[in-house]
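Descriptive analysis of the structure
In case you want the letters, here they are:
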Amino acid sequence: MIIGIDDTDSRSDGGCTTYIAAVLVEKLQKYGDLADYPLLIRLNPNIRYKTRGNGAVSLNIEIDGASEADEVKEVVLDEVRSQSKLSDENTNPGVVFLDDTPSDMRSDLESFSRRAMQDILWIQDAKDLINIYGIDSCGFKNGRGLIGALAAAAVASNGIPDHTFELITYRMPAQIGTPREVDAGSVMEADMQTYPRTWDTVDIANKAVVCVPHGRDPVLFGIRGEVDGVIDATDHIRSEQVERAVLFKTNQGTDMHLMRSTIDQTRGGRSYILRGVVSSAPRTIHGGHVIFEITDPQSGSGIDCAAFEPTKNFRDIIRQLAVGDRVVVCGSMDDGTVHLEKIKIEHLTALYETRNPVCTCGRRMKSAGTGQGYRCKRCRTASLVPDRVPIKRILDCGWYEVPPSARRHIAKPLVRCAGGSHPVHPGR
Ligand code: ATP
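The rules behind each value
- Residues numbered from 1 in each chain as written.
- Predicted model: local features only at pLDDT ≥ 70, side-chain atom pairs only at ≥ 80, totals over all residues.
- Heavy atoms only, no water.
- Helix = DSSP H or I, 4+ residues; strand = E, 2+ residues; numbered from the N terminus.
- Buried < 20%, exposed > 50% of the residue type's maximum accessible area, 1.4 Å probe, protein only.
- Contact = heavy atoms within 4.5 Å.
- Lys, Arg positive; Asp, Glu negative; His and termini not counted.
- Charge placed at Lys NZ, Arg CZ, Asp CG, Glu CD.
- Near = heavy atom within 4 Å.
- Polar contact = N/O pair within 3.5 Å; in protein donor to acceptor, adjacent residues only side chain to side chain.
- Areas by Shrake-Rupley, 256 points an atom, 1.4 Å probe, with all protein chains shown as cover.
- Nonpolar A, V, L, I, M, F, W, Y, C, P; charged D, E, K, R; others polar.
- Phe/Tyr/Trp six-rings, centres within 6.5 Å; stacked < 30°, edge-to-face > 60°.
- Lys NZ or Arg CZ within 6 Å of the ring centre and 35° of its normal.
- Arc of directions from axis to C-beta.
- 1 Å grid on protein atoms, 1.4 Å probe; cavity = no way out; pocket = protein on both sides within 12 Å on 5 of 7 lines; lining within 4 Å.
- Points joined across faces, edges and corners; volume = space filled by probe spheres on them.
- Domains from an automatic or database assignment.
- Buried area = accessible area lost by both parts, 1.4 Å probe.
- Salt bridge = Lys/Arg side-chain N within 4 Å of Asp/Glu carboxyl O.
- Pairing = 2+ DSSP bridges.

This part is about the overall build of the protein chain. The helix and strand inventory of the protein chain stands at eight helices and 24 strands. Overall size of the protein chain, expressed as C-alpha extent along the three principal axes, is 105 × 50 × 40 Å. For the protein chain, the residues scored as buried account for 50% of the 428 residues in total. Restricting the contact set of the protein chain to residue pairs at least 6 apart, pairs at least 24 apart contribute 70%. Each charge class in the protein chain can be summarised by its mean position, and for the 52 positive and 57 negative side chains these summaries are 14 Å apart.

Rendered as C-alpha cells:
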C-alpha cells in the first residue's frame, strides 16, 4: 500500500508533514516492511499556498490482507488528524492510499505528478483522478493537500527518475519552539568531511549554517546528499537530544521543476530553462537586487532576469555580464521576471574601450578638440580615429549558481553536475 500525505503544517503553529511520516515509519512497523525509503517529494516551488518548501511525503508499505489494510489506514488518518494544524485556514490536509495501479492509471499518475512539480493544479484535478480510479483518500477541510498527497504517492508508484537523500533529525517535543542547539563547528566539520557527497549543509562564502531551520517546526537539522554522505555527516554533528531521525529518498536537488522553453512561451508560476542573449546591462536596483534583460534572437522576445539580494555573492557574477553575452538561465517566472537559480554563460562577447591613439613616436596623443581627432604634442602627428583596446573579461564561461543559503530544495546544485561538457562553478 502506498500512502501519500500533504498539507498538515502551519507557518504560525508549526508542525511538519515529514514528521508525520517519521512517526508513521515507527507506528506502521508492525504491519509490514517498507518497500523503499520514505519519499519526500518537492512540488512546484511557486505555489502560493505552500508553508515552506512545498514538500509532500509518501510511504510504500508491504502489508498482507484487507483487515490489515483497514487498520493501517486508520492509524494513518488518526496521526494526520491529531498532528495537523487544522485551525490554520491555510492547512488543508490530504491523504491518499494506492493499492493496485494498472498501467493506464500509472501513466495518468505519472503525468499528474509531473504537473504537480512543474505546473499549477486545481484541487478538482486531484479529485477527478481519485474518482476515475476509485482511489481511497481523505481530504480535510477544502482538501487542497490531496494534490500533493496524490503526487507523492504517484512518484512512489512509478519510481523517481533521479533522486538524492536527506537525513532529517527531529527535536524532543518539549524543545519545540526554543532556539535549536546545534554546534556550528561540528556542522562545518561534517561538511568538510563529506562534501561533495553532501551539499547545502553550510554556506561557506556567506558564513551560514544552512541545514538548521529556524521555525517552530520539529526539524532539528537536515543533511542533503548521497546516502552514505548524509549518514557520515550526521555522525559528526553535536547537538541537543534527537528524538528520532529518518532517511528520506527525495527529488530534492534534481531540477524536476524546470521546463525547457522559449521566452515567448513562458507563463507565471512555472520554472524554465531559457536561452538568450544579454540585451540590457545588469543594473543594481533598490534593495540590492540585480536585473538584466535577455532576448531570444529568433523571436525577438525579451525578458527580465533577476538575482535577488538573498543570492548574495551570485550577484557579483551577474554584474559582470555584458550586452551580447550568450546565456542559458534557469529559474521561475514571477511578475514577468525570471528569478535566477542558475546561469550558464555560453559565450562572452568581446568588449573594447576606446583610448586616445598612440603616436609613431610612442607617446599617447591628446584630443585636438571636439570632433577634431587627436594630435601628438611633441611631433604634431594627427589622427582622426581612437585606438580600440580589448577589455579583459574576468568571467569564465560555464555554469554558476546561487549560494546554498538561497537554494530552492528542488534545484539541482552544480556539485551534482560536475563532469558534464561545460565547466561548473559550484557555489559553496
Ligand atoms: P512543508 O514543506 O513545510 O511541509 P509545504 O511548503 O509543503 O509545507 P503545504 O502546507 O504542503 O506547504 O502546502 C502546499 C499546498 O499546495 C498543498 O495543499 C499542496 O497539495 C498544494 N500544491 C502542491 N503542488 C501544487 C501544484 N502544483 N498546484 C497546486 N497546488 C499544489
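In the vicinity of the ligand, 24 residues are found, and the nearest of them are Asp7, Thr51, Arg52, Asn54 and Gly55. Backbone polar atom of Asp119 to a nitrogen atom of the ligand: 2.8 Å apart, as the coordinates give it. A total of 640 Å² of accessible area belongs to the ligand in isolation, and the protein chains cover 97% of it. At the level of elements, helix H3 (103-118) and helix H5 (145-158) are the ones that each hand at least two residues to the shell around the ligand. Split by residue class, the shell around the ligand holds seven nonpolar, eight polar and nine charged.

Turning our eyes to something else, we now look at the packing of aromatic side chains. Within this structure, the stated rule accounts for two aromatic pairs. Considering the side-chain rings of Tyr37 and Phe165, the 4.9 Å spacing of their centres and the 75 degrees angle between planes classify their relative orientation as edge-to-face. Taken together, the residues Tyr37 in the loop between helix H1 (17-27) and strand S2 (39-42) and Phe165 in strand S6 (residues 164-171) connect sequence positions 128 residues apart. Here the basic side chain of Arg388 rests over the ring of Tyr352, its NZ or CZ set 3.9 Å away from the ring centre. Note that Arg428 overlies the ring of Tyr195, its terminal NZ or CZ placed 3.6 Å from the centroid.

Moving on to helix H4 (residues 123-132). Where H4 is concerned, the buried positions are Ile123, Ala126, Leu129 and Ile130. Projection of H4 onto a plane perpendicular to its axis shows the buried side chains occupying an angular sector of 135 degrees, all on one side. Exposed and oriented more than 90 degrees from the buried face of H4 are Asn131 and Ile132. If you follow the buried residues of H4, they end up packed against strand S4 (94-98), H3, strand S5 (136-139) and H5. Positive phi shows up at Gly134, right after H4, with a value of about 60 degrees.

So, about empty space enclosed by the protein. Following the criterion strictly, the structure yields two cavities of 30 Å³ or more and no others. Taken as a whole, the largest cavity encloses approximately 60 Å³ of empty space. Lining the largest cavity are 15 residues, and of these Tyr195, Trp199, Asp200, Pro404 and Gly427 lie nearest its centre. Among the residues making up the lining of the largest cavity, the classes are represented as eight nonpolar, two polar and five charged. Built from parts of two domains, the lining of the largest cavity gets at least three residues from each of domain 2 (164-250) and domain 3 (258-350 + 393-407). Looking at the second largest cavity, the residues that line it are Thr164, Trp199, Asp200, Arg224, Gln252, Gly253, Arg407, Arg408, His409, Ala411 and Pro413.

According to the domain assignment, the protein chain contains domain 1 (2-158), domain 2 (164-250), domain 3 (258-350 + 393-407) and domain 4 (352-390). Counting residues at the interface gives six residues for domain 2 and six residues for domain 3. Buried surface at the junction of domain 2 and domain 3, both sides included, amounts to about 460 Å², of which 47% is carbon and sulfur. Three residues stand out in domain 2 for area buried against domain 3, namely Asp200, Asp203 and Asn206, and they jointly supply 72% of the buried area on that side. Here domain 2 and domain 3 share one salt bridge between them. A salt bridge links Asp200 to Arg407; the shortest N-O distance between them is 2.7 Å. At the boundary of domain 2 and domain 3, one finds three residue pairs in polar contact (both at pLDDT 80 or more). Tallied by class, the residues present in the side of domain 2 that touches domain 3 amount to three nonpolar, one polar and two charged.

As a further point, take the pairing of S4. Of all five residues in S4, five are buried, a share of seventy percent or more. Residues of S4 alternate between two faces, with Gly94, Val96 and Leu98 on one and Val95 and Phe97 on the opposite face, all of them buried. Judged from the five bridges that link them, strand S1 (residues 2-6) and S4 form a sheet pairing that is antiparallel. In the strand pairing of S4, Ile3 is matched with Phe97. Both S4 and S5 contribute to a ladder of four bridges, which runs antiparallel. In the sheet register, Val96 faces S5, and the bridge partner there is Ser137.

This brings us to the environment of Arg81. Mapped onto the fold, Arg81 is located in helix H2 (residues 66-83). Judged by relative accessible area, Arg81 falls into the partly exposed class, the value being 42%. For the pair Arg81 and Thr8, spaced 73 residues apart in sequence, the C-alpha separation works out to 8.7 Å.

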